[in-house]
Structures are given as structure tokens and as C-alpha cells.
Amino acid sequence: MELGQVPLLFSRLPMFPFFDVAHYLASVMALKEQPGAVEVSRQSPIACWFSAMLYCFGGSILSSLMLAEPPVGFLANSTNIFLASSVWYLVFFCPHDIIYRCFSFLPLRLMIAGMKEVTRTWKITAGVAHANSHYKNAWLIMVAVGWARGAGGGLISNFEQLVRGVWKPESNELLKMSYPVKVALVGAVLFTLQHAQNLPIARHNLMFFYTTFLVVTKVTMMLTQSAVSPFAPFESVLGCMLFGWQQTPSKVKAE
Amino acid sequence: MELGQVPLLFSRLPMFPFFDVAHYLASVMALKEQPGAVEVSRQSPIACWFSAMLYCFGGSILSSLMLAEPPVGFLANSTNIFLASSVWYLVFFCPHDIIYRCFSFLPLRLMIAGMKEVTRTWKITAGVAHANSHYKNAWLIMVAVGWARGAGGGLISNFEQLVRGVWKPESNELLKMSYPVKVALVGAVLFTLQHAQNLPIARHNLMFFYTTFLVVTKVTMMLTQSAVSPFAPFESVLGCMLFGWQQTPSKVKAE
Amino acid sequence: MELGQVPLLFSRLPMFPFFDVAHYLASVMALKEQPGAVEVSRQSPIACWFSAMLYCFGGSILSSLMLAEPPVGFLANSTNIFLASSVWYLVFFCPHDIIYRCFSFLPLRLMIAGMKEVTRTWKITAGVAHANSHYKNAWLIMVAVGWARGAGGGLISNFEQLVRGVWKPESNELLKMSYPVKVALVGAVLFTLQHAQNLPIARHNLMFFYTTFLVVTKVTMMLTQSAVSPFAPFESVLGCMLFGWQQTPSKVKAE
């Protein structure tokens, strides 16, 4: 009885303010660890702030672009902007770097990372529902928007880097998917299927199990320092099944 | 009588499914012949698929961006996406590369190319009409949108390449127009003039003659392997008339 | 009495046609002075024309993108497009470069530059009001849109350069703000505050004084050939107050 209600109660968990702040903290700290980010913060705080906003709100910006809604819309939510900006300010400009240092302390870092993963689920479901409100049952669009929301800034990293004066055309998140982008894609597909009643599972249960999976994998990956994604085996199998004849064209080219 | 009706019947020709498939085939094969495309298809099928979609639906994506409509709208048409994706899959991953090889056979290739050119006319007229539905008689916008639809992915090639990790800023379709982009611009101008009743010709006749011109030039260019556009003389004349004093500024600079 | 009415009458000054033309002239001449621009104008007039339009209408294009309005909307105003295009044509292709030369004559140049600055005020106020009509009292969006309109093409310079085949990722207007971009930002903030009744000054007075400031500083900077912005002291003070502990993180990094 009690146990059965956990997912339902969990799915009603409000993201604001604690989980949102955790998301901002994790994002801004990730930005600060980018090579050259600290120099940029000293050279041009505005570029650095804009870059941080792209890290924090990249998902909603990208999804609004996809659905032809004002990409500046996220600025209308003053409270979240204020929170994200304060986090950015404290992480980058706090005297003696106190904030950054204390949240680099592993236990705290793990907690922050875990909470950030929770927000991911909420973003994906929101994205799928939002896309569905625009295009009834256009499942490809639901997947795309859910993915964009969940993967956040990852998919626009090239342009986020451009703000900081960095340009790496040879690499992008589609060419070499990072784990968060992959797992967000999987999540978007799952929640779209669930939304179209193609999955024999209730929405709150799926949210619960998907989030648990996200948090557990994230934490284990941080503890084991390993970069191998849990999907690797599935990917290789899928790759063999679908794209297994890839060597042929290369041979053809070689001839 | 019969002959007079040919253009009218022609203008009622449905593009779906055969001409659309021909367009997808020609586009995806053009993508596969890009340097590095096959490697990308093996390294990251998703990036390759996305690139293929930009080749197939680039025109509609660009025109939706221009008119502030959801650029993901094209994903709502599941049937066409499914067709384009299967074509992409077969061209890139078919065992022993059968599909690609058989459609590289010149007669087939000519047929495909010809049918693709037919779709161009339909795209341009659709674009012009669509723009007119947004901005009554804003002929510049009608030309721009018609051109974007007709020239398809060409105009966004820089960003399509970026998806594949290629970045060639020194060249773009505005700096060095390829023949299809030029002919699409001419077509957009013609159909806009026709739409504004400034041309003494019926719409279906213009469609018929413009398409014939497209197909004939395309086929002859493929057969003669020549890259000289039929517009070259007009261009040089126009260039002399309008921009003929260009040497002056350069001299000025030289001084 | 008379003197008191000056700002009010000034705020009713119509921008069309003289001030607009001055803006186009200044913008296109700035484009022509870009390295390689003249070569582009000879190689591909269309790319050059498009680049000139981005210089002249960059602000409205950027703000429409921000508010999800058709970025091609500016093409609907045929008269202004025609004016801007003629200016572009005369500046780039006039025999013996007469137009460019005569407007390079300092007094004329100063007048043009002054008039261009006047249009900046009108653009910022229009942008702020426009944003407010979309998002009631979302002051961050009002600042952003006002800034985008006022700073014009500056903020999209990277992509304007891309049209001409130039790509300088290491520098952008956020990383290294030029004076016009800075002053547009200040103006956007001021007019937003005024719009929210947080400034004890009437709109037309603010317009009058801000414009005077713009024109005076611009003219003096042109006469003294100095690139030091009048904001430099404020910036350094602000920088010390807000970001004064910047050395700390760098030291931390250094350790």
C-alpha cells in the first residue's frame, strides 16, 4: 500500500526550488570546468553569464526554437533566472572560490548530480506533453522535443562554445553522443511510447523507474570514474543488426 | 486540343509517392558521395540520418524558419519521413551496396535526376503560395521563400556539413552559387511575377515550360559532364550592365 | 516654454526617410571598409547585398528571431528595402566610387554618423515597446529585445561574416563588446526602467538626453580618433565591485 504509492507521490515532487537549484549548480560547475571558461569569466562576465544561461536553460531554448516559440521566453521566469544568475555569480566570483570548492566535495557533488538527473525526467515528460499539445500524436516531434529538453545544452554545445570564442566543428553531440544525451533520447522514446499508450506501464511508475535508473547509473559512473555507458552492449548489438554491412561500402570505396 | 491540355494535366501531377521517392533517392545519393559521409554513417548513424533529412527536407525546414513556423513540422508527415528514412537506410546500409550501385547506373540515374527536378517546380510554387498566404503581395518574401523551398538544403549546406563535423566557412551557396540554386532563384522570381499577374502566361503553362527547361538542362549537363550553367552568358551581360564598374573600386583600393 | 518643448517635438521626429537613409549609408560604408568586402561584391553581388541587408536590418532580424516572428518580415517593407538596396548599389558600384568618396569627406561622414545614432534611440524604444507587447513587464526580455534592435547587426556579426566567407569564432560582440553594443545595452536598460516607471523622467526627455549623449560621444570619438569608451571608468569600478575576486580562482587554477 505505502510502497505502491511511492511512485505516485514521487511523480508529484515539485522541482522548484531545490532540484532546479541543484541543476543550475551542476550545470554552472560543469561550465567552470570547461577549459578557458574562467578566463572568459574574467575577460567578459556577460559572455560567461550568457554561456551559463545556455547551460542552465539550453533545453528550453532549443525546444522553443523547434516549436517556433520565442527562444527568449525563458527570461520571462524572473525567479529562475535570478536563481541561476546567483548560482553563476557565486560559483564563478565567490571570494576564495568557497562555493565551488565546497560543492566539489564528493558527497555533495554526488547529491547535486543525482538531483540534476531527477530534473531530467521532469524536463523530458514536460517536453513530450508540450510537443503533443502542438502536434497531436506526431510521435517523432514528441521524441525530438522531449530529447531536446532532456539533453539540454548538450545538443547546442557547438553554439554555446561559440559564445565563449571556442569553435570545434569536428565534434558535436550527434557525431559523438555523450551519455546524458543518449539516455535523454532513450527517455524521450520511452515517454513518447507511454504517452501513446504503447507501454503497459503507468506514467508515474515509468517516471519513477527511469529516474532511479538515471540516478543510479550517474552515481555509479561518478564513483567508478568509468565512461563506459550501460548502453554499450545494446548499441553494439543494434549496430550489428542494423548497420552490420557497413564494411561493404567501405570495401567498395577501397576498390 | 489534346496537346493544349498537356500542361494542365501535368500541373495536376501528384508528387507523392514516386516523385518524392526519386527526390529522396537523388538527395541521399548526393549525400553519400560527399567526402567522409560513409565514414560518418559508420561512426554515427544518427548524425548521418539527420544529415540525410536536411538533404531531403532542407527546403521546408529553411522556409519554416523564415516564416517562424516550427522547423520540426516536417516530422509530422510520418509517411514521407518513413519513405526518406528507408531510402537513406537502403542507400547507406544495403548489403553489398546493391541499391546505390544499381541507381548509379546512368539511365536510372538520369530518370531519378529528372524526376527530382520536377519536384523542384512543385516546391517553388508551393513556397510562393505559402509566403503569399502569410504576407499579401510581399513579392520579396515570396521570392525568398520560393527560392528557399526550391534550392532545398543547398542554402543551409554549411550547417548540414556541421552536423557531419565538416566546416567550410570560406564557401557557401551565396558566395558561389551552384546551378540548382541559381535556377531555383530564377524560378522563384518567375512564379512570383506570374502570381502577381505580371507575366502573360497561365500558371500551369509556366510550370510545364519551367519544368521542361529544368529537366532538359539537368539531363544534358549530366550527359555532357559539363558544369557550365546555361545562364553564364546572361550573367556576364547582367554583370557588365549592373556591376561593370567594379574594376574602379579595386583600382581605388590599389592606389 | 519653447525650450521645454524641444524634447517633445524631437521625440516626434520621423525617421523615414532621411535618418533611415543615413543609417543605411553609414552601415553600408562600414561594410565596404571590412577587409575583403570589395572582393566579395565583385565575386558575388548577391552575397554582398545580403550582407549589406544584415548590416542595415540586423537588429530587426535578430529581434524577430528572439520573439519567434518571421525573420524575413523586414522584406515586407519594400520602400526601405529599395532605399537600402540603392544605397548599397551606389556605395559599391558607383562609377569612380563617387558616392563612397564624397561621403568619406569628414563633415558629411560626421553628419551621417550622428544621424545613424539618432535612429539607434528610436530602435531601442521600439524594441522595448514591442517586447512589452509580447510579454507584459518581463523586463529582462524588454532589455534583450531593445538591446538586439539597438545594437543591430553587431550581435550577429559572426554570421554576417559567414555570408562573406569569413569566420572568426575567437571573437564575438559578447566576448569583446564594441562601444555601440555597450551603449545600446545601457540604453535598453534605461528605456526599460523608464517604461516600468522606475525612472523619474518623461520618455521624450530621456530620448532627448540619451540621443544627445549618443551623438556627442560618437562625434567626439570620430574627431579624436580615440577608441576609449566613456564607460571605461564605470566598467572598471563595477568590475572591481562585482568581479573583484577574479584573481582568486585563477590562483586556485594555478596551484
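Residues numbered from 1 in each chain as written. Chains lettered and ligands numbered in written order. Predicted model: local features only at pLDDT ≥ 70, side-chain atom pairs only at ≥ 80, totals over all residues. Heavy atoms only, no water.

(A) Representation of the interface of chain A and chain C within the structure. Facing 35 residues of chain A, the contacting portion of chain C comprises 31 residues. Here chain A and chain C share an interface that buries about 2,700 Å² over both sides, 71% of which is from carbon and sulfur atoms. The largest per-residue losses of area from chain A upon contact with chain C belong to Arg42, Val72 and Leu162 of chain A, which jointly make up 18% of the total buried on that side. Where chain A meets chain C, there are zero salt bridges. (Contact = heavy atoms within 4.5 Å. Buried area = accessible area lost by both parts, 1.4 Å probe. Salt bridge = Lys/Arg side-chain N within 4 Å of Asp/Glu carboxyl O.)

(B) Region of interest: the relation of the copies chain A and chain C. For the pair chain A and chain C, the best superposition has an RMSD of 0.0 Å and corresponds to a rotation of 120° with a translation of 0.0 Å parallel to the axis. Both copies are brought into coincidence by an operation consistent with a three-fold rotation axis. Closest approach to the rotation axis among the C-alpha atoms of chain A is made by Ala68 of chain A, whose C-alpha sits 3.3 Å away. When you check the interface residues of chain A against chain C, a mere 9% turn up at the interface there too, and the two sides of the contact use different surfaces. (Least-squares fit on C-alpha atoms with pLDDT ≥ 70 in both.)

(C) Up close: the environment of Trp147 of chain A. Along the chain, the position of Trp147 of chain A falls in helix α8 (residues 139-151). For Trp147 of chain A and Gly127 of chain A, which are 20 residues apart along the polypeptide, the C-alpha to C-alpha distance reads 7.8 Å. (Helix = DSSP H or I, 4+ residues; strand = E, 2+ residues; numbered from the N terminus.)

(D) Spatial organisation of the pattern of salt bridges. All names here are of chain B. This structure, assessed with the given rule, holds 18 salt bridges over all chains. Between Lys32 and Asp97 there is a salt bridge, and its shortest N-O distance comes to 2.7 Å. Pair noted here: Lys32 is in helix α2 (residues 18-32) and Asp97 is in the loop between α5 (78-93) and α6 (98-104), with a separation of 65 residues, a long-range link. On the accessibility criterion, Asp97 (2% relative accessible area) is buried. (Buried < 20%, exposed > 50% of the residue type's maximum accessible area, 1.4 Å probe, protein only.)

(E) The arrangement of the confidence of the model for chain A in detail. With 95% of its residues at a pLDDT of 70 or more, chain A shows a mean pLDDT of 90. Note on residues 245-255 of chain A: pLDDT is under 50 here. Beyond four places in sequence and across chains, it has 17 contacts. (pLDDT = per-residue confidence, 0-100.)

(F) Molecular detail of the relation of the copies chain B and chain C. For these two chains of identical sequence, chain B goes onto chain C by a turn of 120° and a shift of 0.0 Å along the axis, with RMSD 0.0 Å. The fraction of interface residues of chain B whose copies in chain C are also interface residues is only 10%, indicating that the copies meet through different surfaces.

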